[in-house]
Amino acid sequence: MENTQIEIRAVKTDATPGQQTIPTIIYDKVIEVAEQKASVASRVNIVDTKAGPLKILANMSTTPAKVIDELSNQELQALIKNLDYKSMNIPHGRLLSVIESSKQYMEHGITDEFREYLKQELANDLLLGIEDYMFNSEHSAIQNIFLHNASPDSGYFMSKFEDIKIVASASATSLSFTNLEEAYDLFANQSGNLSEEAVWVVENIKMLSSIKDGTGASVLKRENRAPHSAGSVFGIPVFKTAKFTAGQKAGAVLINPKKAYQVAVKKDANFVHVNSDTYTGLNGSDIFIGDAYAGGRVVNPRAIVILKTA
């Protein structure tokens, strides 16, 4: 039986005849796609890292400056002790996105337009992969927010500083207007203007659109909505994600992605072209791969509220 395993290797600038020469770095494209803010993952705080786990310093709220007496070591030590900063290590996992194209199409060569299309799609798929781990799948490198509260709070790979707040519904199938108000108030009462760049995240838009306000109208307002959003609730954009983790009874999430979640991506993320292995030969295709090492962690649990059904 033929071995159909895909052999992954980057195409070099001195590519042999029959191979295509492609730029190998797509990190900048990931950042460019993220700036479009078309998904929840595109709104998180993305930083580059060289190699290995990234140690980050997370600001849990707002730490105001203090007036102290000149040369007062005691007051300085007290100020340092009260800083609301926490440190955490973000590990890495290998994240791949894949596009397959026919060799017949590739006979025309890789135009600049097609190259940009590939980079755009592969970068977008990498971001969607990060979002899937944030809200659905599970891996030690990219933290699932629904599993956050059960994560370790000590050790080298500690995964939480404190628990994410939960708002519980009395219904097993729906949320209430009161639940939304409670979640919003939890945000509004935190320092740091958390609601300013916040979004609602749902698996099913009806979880919010079915809720009525005091006038009997839907709380989901579809007019004047932010780009790529489904509308807004209390003036905060609503985004749909593909899937929530099964069994978590999650109805919606109120999150400030920029302040709540940090993603570290190695800056040498590769754009890989596979065109002469057994798999592509048997299938008459070329394969393009976005190959990145990435990790993600909740860095400020106060910037997330999870709304759950009973």
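For every chain, the first residue of its written sequence is number 1, and the numbers climb from 1 along that sequence. Residues qualify for local features only when their pLDDT is at least 70, as the model is predicted, and side-chain atom pairs are given and counted only at 80 or more; totals for whole chains, interfaces and linings, by contrast, use all residues. Note: side-chain values were computed over all heavy atoms of the structure, leaving out hydrogens and water.

Asker: Explanation requested: the environment of Tyr261 in the structure shown.
Answerer: With respect to the helices and strands, the residue Tyr261 is situated in strand S10 (residues 261-266). Only protein chains enter the accessibility calculation, which uses a 1.4 Å probe; a residue is then buried when its area is under 20% of its type maximum, exposed when over 50%, and partly exposed in between. A relative accessible area of 0% means that Tyr261 is categorised as buried. Along the primary structure Tyr261 and Arg297 are separated by 36 residues, whereas in three dimensions their C-alpha atoms are 5.7 Å apart. We count a stretch as a helix when DSSP gives it H or I for four or more residues in a row; a strand needs E for two or more, and each element gets its number in order from the N terminus.

Asker: When you look at the pattern of salt bridges in this model, what are you seeing that I'm missing?
Answerer: Two side chains that carry opposite charge are able to pair once their charged atoms sit near each other. By definition, a salt bridge exists where a carboxyl oxygen of Asp or Glu is found within 4 Å of a side-chain nitrogen of Lys or Arg. Summed over all chains, the structure comprises 5 salt bridges. The closest approach of N and O atoms between Asp163 and Lys160, which form a salt bridge, is 2.8 Å. According to the relative accessible area criterion, Asp163 is partly exposed, its value standing at 40%. What makes Lys160 buried here is its relative accessible area of 10%. Its salt-bridge partner being Lys221, residue Asp213 comes within 3.7 Å of it at the nearest N-O pair. Assessed through its relative accessible area of 29%, Lys221 is described here as partly exposed.

Asker: Is there a simple way to think about the sheet that holds strand S8 (residues 236-240) in this case?
Answerer: Any two strands with at least two DSSP bridges between them are considered paired. An order of S5-S13-S9-S6-S8-S7 is seen for the 6 strands of this open sheet, with the pairing classed as mixed. Each edge of the sheet is formed by a strand with only one pairing partner; in this case those strands are strand S5 (165-168) and strand S7 (231-233). Strand-to-strand twist in this sheet, taken as the mean axis angle between neighbours without regard to direction, amounts to 30°. Of the pairings in the sheet, the one linking strand S6 (residues 199-202) to S8 comprises 3 bridges and is parallel in character. Bridged to Val202 within S8 is Lys240. Here an angle of 0 to 180 degrees is reported between the N-to-C directions of two axes, which are lines fitted to C-alpha atoms, with helices fitted over the stretch in contact.

Asker: Which parts of the structure should I look at to understand the packing of aromatic side chains?
Answerer: Each aromatic ring pair is described using two quantities: the centre-to-centre distance and the angle formed by the ring planes. Any pair of Phe, Tyr and Trp rings, taking the six-membered ring for Trp, is counted once the centres come within 6.5 Å. Such a pair is stacked with planes under 30 degrees apart, edge-to-face with planes over 60 apart, and tilted for the rest. Under the defined criterion, the tally for this structure stands at 6 aromatic pairs. Measuring from ring centre to ring centre gives 5.7 Å for Tyr184 and Phe234, while their planes differ by 80°; the resulting arrangement is edge-to-face. Here Tyr184, found in helix H5 (residues 177-188), pairs with Phe234, found in the loop between S7 and S8; they are 50 residues apart in sequence, far enough to count as distant. Classification of Tyr184 as partly exposed rests on a relative accessible area of 27%. With relative accessibility at 33%, the residue Phe234 sits in the partly exposed group. Aromatic rings pair up to connect Phe177, Tyr184, Trp200 and Phe234 into one cluster.

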